[in-house]
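Structural characterization, general
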Amino acid sequence: MNATTVETGNEQIVSVIVTALEEVLRQELTDISVETRLFDDLNLDSTSVLALLMTLEDALDTQVDPESLEQAHLESVGSLAAFLAESR
């Protein structure tokens, strides 16, 4: 897998994350980027993070291992996308 493939994969994952965030937050999100912080910018809490992770598992047909998930993975849309790309 080359860098272009990884970038394209992450872009697809970011798109899925944005869609999942819109579903969880029940609002359209227009200014989301990889730098968008999940807690500080979007005001996610522990309940919404769980809902987000479950939605992402369904959308990406994957399982998130709670043992490997760290706070750093939930800092931004980009860090979550990177974690999910690694987990696949």
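The structure we're discussing is the one just above.
Now for a look at the structure at hand. Keep in mind it's a predicted model, so treat the numbers as computed, not measured. Counting starts from 1 at the beginning of each chain's written sequence and moves along it residue by residue. Residue-level local features of this predicted model are given only where pLDDT is at least 70; pairs of side-chain atoms are given and counted only at 80 or more, and the full residue set underlies all totals for whole chains, interfaces and linings. The basis for the side-chain values is all heavy atoms of the structure; hydrogens and waters are excluded.

Despite not being glycine, Arg26 has its phi angle at roughly 55°, a positive value. Phi is positive for Asn43, close to 60°, though the residue is something other than glycine. The way it works is that DSSP assigns letters per residue, a run of H or I at least four long becomes a helix, a run of E at least two long becomes a strand, and they are numbered from the N terminus. For Asn43, the location among the structural elements is in the loop between helix H1 (3-25) and helix H2 (46-60). Residue burial is assigned from relative accessible area. The probe radius is 1.4 Å, only protein chains are included, and a residue is buried under 20% of its type maximum, exposed over 50%, and partly exposed in between. By relative accessible area, which is 59% here, Asn43 ends up exposed.

Summarising the element assignment, Thr36 is placed in the loop between H1 and H2. At a separation of 2.9 Å, a polar atom in the side chain of Thr36 contacts the main-chain amide nitrogen of Ser33. Those residues in contact with Thr36 that sit more than four places away from it in its chain are Asp31, Asp41, Leu42, Glu75, Ser76 and Val77. In protein, a polar contact means a hydrogen-donor-capable atom and an acceptor-capable atom, both N or O and within 3.5 Å, with residues adjacent in sequence counting only if both atoms are side-chain atoms; elsewhere, any N or O pair within 3.5 Å suffices. By definition, residues are in contact when any of their heavy atoms lie within 4.5 Å.

Moving on, we get to H2. Helix span is expected to be 1.5 Å times the residue number reduced by one. Here H2 is 15 residues long and its end C-alpha atoms lie 21 Å apart, about the 21 Å a rise of 1.5 Å per residue gives. Among the residues of H2, those classed as buried are Ser48, Val49, Leu52, Leu53, Thr55, Leu56, Glu57 and Leu60. One or two positions beyond H2, positive phi appears at Asp61, with a value near 50°.

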